[in-house]
Amino acid sequence: MPLALCTLSHSPLYGINDPDPSVLNAVDAAFDRVRTFVEDFDPELTIVFGPDHYNGVFYDMMPAFCIGSGARAVGDWGTEPGPLPVDRTAARRLVSAVLDDGIDVAQSEELHVDHGIAQPLEFLFGKRYSNPLVPVFVNAVGLPLGPMQRIRLLGESIGREIESWNKRVLIVGSGGLSHDPPVPRLDEATPEVLARLIDGRNPSPELRAERQRRVIEAGKAHAAGDTSFQQINPDFDARIMNTFADSAVSETDSWTTDWMEKNGGHSAHEIRSWVAAFAALSTGGSYTVTNRWYWPVQEWMTGFGMMTAIQEA
Ligand SMILES: O=C(O)CCc1cccc(O)c1O
Ligand SMILES: [Fe+2]
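Residues numbered from 1 in each chain as written. Chains lettered and ligands numbered in written order. Predicted model: local features only at pLDDT ≥ 70, side-chain atom pairs only at ≥ 80, totals over all residues. Heavy atoms only, no water.

**What about the sheet that holds strand β2 (residues 45–50)?**
- Taken in spatial order, the 8 strands line up as β6-β3-β8-β2-β9-β1-β11-β10 in an open sheet, and their pairing is mixed. Looking along the sheet, the strands with just one partner apiece sit at the ends: β6 (106–108) and β10 (287–297). With strand direction ignored, the average angle separating the axes of adjacent strands in the sheet is 15 degrees.
- Two strands pair when backbone bridges link them, and β2 and strand β9 (residues 169–174) are joined in this way by 5 bridges, in the parallel orientation. Within β9, the residue paired with Leu 45 across the bridge is Val 169. (Pairing = 2+ DSSP bridges. Helix = DSSP H or I, 4+ residues; strand = E, 2+ residues; numbered from the N terminus. Axes fitted to C-alpha atoms, helices over the stretch in contact; angles between N-to-C directions.)

**Description of the UniProt feature "active site" (unreviewed entry) in the protein**
- The positions UniProt marks with the feature "active site" (unreviewed entry) are His 115 and His 179.
- Leave out the neighbours within four places in its chain, and His 115 touches His 10, Pro 12, His 53, Asp 76, Trp 77, Thr 79 and Pro 120.
- Polar contacts involving the side chain of His 115 include one to the side chain of Asp 76, which spans 2.7 Å.
- Take His 179: its relative accessible area is 6%, and that puts it in the buried class.
- If we ignore the near neighbours within four places in the chain, the residues touching His 179 are Gly 264, Gly 265, His 266, Ser 267, Ala 268, Glu 270, Met 301 and Thr 302. (UniProt positions renumbered as here; feature names shortened; annotations may be inferred. Contact = heavy atoms within 4.5 Å. Polar contact = N/O pair within 3.5 Å; in protein donor to acceptor, adjacent residues only side chain to side chain. Buried < 20%, exposed > 50% of the residue type's maximum accessible area, 1.4 Å probe, protein only.)

**Regarding the coordination of the iron ion (ligand 2)**
- Distances from the iron ion (ligand 2) to its protein donors, namely His 10 (NE2), His 53 (NE2) and Glu 270 (OE), fall within the range 2.0 to 2.2 Å.
- One chain supplies every donor to the iron ion (ligand 2), and in sequence these donors are spaced H-x42-H-x216-E. Of this pair, His 10 sits in the loop between β1 (3–8) and α1 (21–41) while His 53 sits in the loop between β2 and β3 (65–68), and the two are 43 residues apart along the sequence. Residues His 10 and His 53 agree in their burial class; the two are buried. (Donors = N, O, S within 2.8 Å, 3.2 Å for Na, K, Ca; no water.)

Okay, here's the thing in C-alpha cells:
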C-alpha cells in the first residue's frame, strides 16, 4: 500500500498580513491542488510532524521529539482549540517501534500542539476534521538541537513501521523554510521571558494577544523593507527543496545547526519536520515528487513552500 507525503510551510500571518493578491491567489490555488491530492489519496491515517513555538511544549521538559498518543490544540492564532482525533493505538505502536529501533522518543498522552501542527491540518482537512492522525512534535526552536541525522532516523523508523501496516498513510511535514520571526530564545531571555519559556501554558488572553501583536508588527515591518530581520533566502530554500526532490534525504545529515541558522534564520530548523516526513516516505523504496511550489513571502515572514510526493509502485 503506498504512502503519500505533503510538506508545507506554515505562517500564522496567513490571513492577517497578506501579500499581493497575485501571490495569495497562487498560494490558495496550490492549496487547492494539495487538498485534491490528499482527497484522491484518501488516507486512512495521517502522521503529522511539526514544531511548537512555546505554546504547547516548554523547557520544563524539552524533548527532541515526542509522539502524541493523545493531543489537544491550544488554539493559538485562531486555530480551533480542543482535542485532536488521535489514533491512540497507532500512536502507541509507533512509540514502541521507534524505541525498539534505539531512538529515545518521548511519548505524550496529551501533547499540546500549536499552529505548527494545527494550521496545516486545518489547511488540509478544514476546520473540524475528524480523520485519525498521529501528531509528532519535532523540536525546532528549543535550542540546543541534536544532529540532523537523528531526525532522519526518527522519520525512517516511523516509515518502516507504517509501511508494515498496509494502510494508506499520509505523511505531513509542517514548517517554514528560511525565516526568522520573533520567537523568544533561551540564551537571551530576561527572567520574565525565561519564566514563560519554562512554564508558559495557558497564558492570559492579554499575554497571548500581546505576543501575537508583536509578530504581526514584525511581519508588517519586514514587508515594508526593514532589514533588521534576517531576510528570506530563496537560494537556501531552493537547495533544501532540491535535496528532497532529488531523493537525497541522507544529505541532510551534514547540515549543521549553525549553517541552517546563518543561511535560513533561527526558524529554519523547522525544516526538520520535512526531513522526518521525507525520511519516512523514503523507507518504502523510491518516491516521486508530484508537485512543488515556492514563494518568498515577506508579509508572512517566511519562505513559503509546499511539496507533494508519492511512493513509486
Ligand atoms: O507565533 C510565533 O511564535 C511565531 C509565528 C511564526 C511566524 C512566521 C512563520 C512561522 O513559521 C511562525 O511560526
Ligand atoms: Fe513556525
